[in-house]
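# Geometric and topological summary
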Amino acid sequence: ADAQLGRIIDWLQQPAMRERINLIVLSDHGHITVRDQISVATQLTAAGIPACKGTFGTGDVAVVPGSCGSVHVRTHDPHLVRTIVQWLQEQPWCGSLFTEARNAVEGVVPGTLARSLVLNDHARAGDIVYVLRTDEARDAHGIVGGCYDDSHVPVGGGTHGGLSQHELH
């Protein structure tokens, strides 16, 4: 993309083009680099909380994966939601956690934020919304910001959708 933009800029430097065309470049968000892959569903299952990826399957827990994803509890059992949150809070790859609002800022589970803060408080929202941990390190190309990811994006690839300043700006 940079090379193609460079070609356009070079073309615009021609005297006949300079006065006729304005070039405006926009982006809807930034991105960060995937540092490591983690399967939240697999990790939950290994911890004794059986979870399926994407759909419930035969279990009570479904994980919608991503660098920002969600955990759905079939019965919305508050004890199971709290158990999963407490486990996630102990994981070095997990960042911010959001649950149903207790008030304007806090979620119903201690240590979580209200899902409404990120406009994710609707009928299909997960019982738990998570953002995987991010960092401020530079990748091989000098781009600042990295994350764990639970999707199809390979290590070294770019992703977005979380709350890192590098994704939001």
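## Here we look at the pairing of strand E5 (residues 94-99)
Judged from the three bridges that link them, E5 and strand E7 (residues 128-132) form a sheet pairing that is antiparallel. Paired with Phe 98 across the two strands is Val 129, which belongs to E7. Summarising the sheet, E5 and strand E6 (residues 113-114) pair through two bridges and their orientation is parallel. Within the sheet, the bridge partner assigned to Phe 98 lies in E6 and is Leu 113.

## Some remarks on the nonpolar core
Judged by nonpolar contacts, the single largest core of 22 residues is most densely connected at Leu 44, Ile 84 and Leu 88. Per-element tally for this core: the top contributor is helix H4 (residues 78-89), with five residues. Beyond its immediate chain neighbours, meaning those up to four positions away, Leu 44 contacts Ile 49, Ala 51, Val 61, Val 63, Ile 84 and Trp 87.

## Examining the sheet that holds strand E1 (residues 32-37)
With respect to topology, four strands assemble into an open sheet ordered E8-E9-E1-E10, the strand pairing being mixed. The open sheet has two edge strands with one neighbour each: strand E8 (134-138) and strand E10 (158-159). Two strands pair when backbone bridges link them, and E1 and E10 are joined in this way by two bridges, in the antiparallel orientation. Pairing of Thr 33 across the sheet is with Gly 158, part of E10.

## Re unusual backbone geometry
Non-glycine residue His 76 carries a positive phi angle of around 60°. Tracing the backbone through its elements, the reader meets His 76 in the loop between strand E4 (68-73) and H4. Although it is not a glycine, Leu 119 adopts a positive phi angle of roughly 55°.

## Structural notes on the layout of surface pockets
The volume enclosed by the largest pocket comes to roughly 200 Å³. Considering the residues around the largest pocket, the lining is formed by 13 residues, among which His 76, Val 81, Glu 100, Val 108 and Asp 127 are closest to the centre. Taken together, the residues that form the lining of the largest pocket break down as six nonpolar, three polar and four charged.

## As for the environment of Val 144
Here Val 144 lies in strand E9 (residues 144-149). Look at Val 144 and you get partly exposed, because its relative accessible area is 22%.

## Describing the side chain of Asp 150
Residue position: Asp 150 is located in the loop between E9 and E10. Take Asp 150: its relative accessible area is 2%, and that puts it in the buried class. In terms of polar contacts, Asp 150 uses its side chain to reach the backbone amide nitrogen of Val 40, at 3.1 Å. One polar contact links Asp 150 to Lys 53, side chain to side chain, over a distance of 3.3 Å. Apart from the residues within four sequence positions on either side, Asp 150 is in contact with Gln 37, Ile 38, Ser 39, Val 40, Lys 53, Val 63, Pro 65, Gly 66, Ser 67, Tyr 130 and Leu 132.

## Points about H4
Here H4 spans 16 Å end to end across 12 residues, near enough to the 16 Å set by a 1.5 Å rise per residue. For H4, the full list of buried residues reads Val 81, Ile 84, Val 85, Trp 87 and Leu 88. The arc that holds the buried residues of H4, viewed along the axis, is 165°, so those residues lie on one side. Away from the buried face of H4 by more than 90 degrees, exposed residues Pro 78 and His 79 are located. Where H4 is buried, its residues meet helix H3 (40-46), strand E3 (61-64), E4, E5 and E7. The distance from a side-chain oxygen at the start of H4 to the backbone nitrogen of His 79 is 3.2 Å, and the residue carrying that oxygen is Asp 77.

Quick notes on the rules
Residues numbered from 1 in each chain as written. Predicted model: local features only at pLDDT ≥ 70, side-chain atom pairs only at ≥ 80, totals over all residues. Heavy atoms only, no water. Pairing = 2+ DSSP bridges. Helix = DSSP H or I, 4+ residues; strand = E, 2+ residues; numbered from the N terminus. Core = buried A, V, L, I, M, F, W, Y, C linked by side-chain atoms within 4.5 Å. Buried < 20%, exposed > 50% of the residue type's maximum accessible area, 1.4 Å probe, protein only. Contact = heavy atoms within 4.5 Å. 1 Å grid on protein atoms, 1.4 Å probe; cavity = no way out; pocket = protein on both sides within 12 Å on 5 of 7 lines; lining within 4 Å. Points joined across faces, edges and corners; volume = space filled by probe spheres on them. Nonpolar A, V, L, I, M, F, W, Y, C, P; charged D, E, K, R; others polar. Polar contact = N/O pair within 3.5 Å; in protein donor to acceptor, adjacent residues only side chain to side chain. Expected span 1.5 Å × (residues − 1). Arc of directions from axis to C-beta.

Geometric descriptors of this kind do not, in isolation, establish any biological role.
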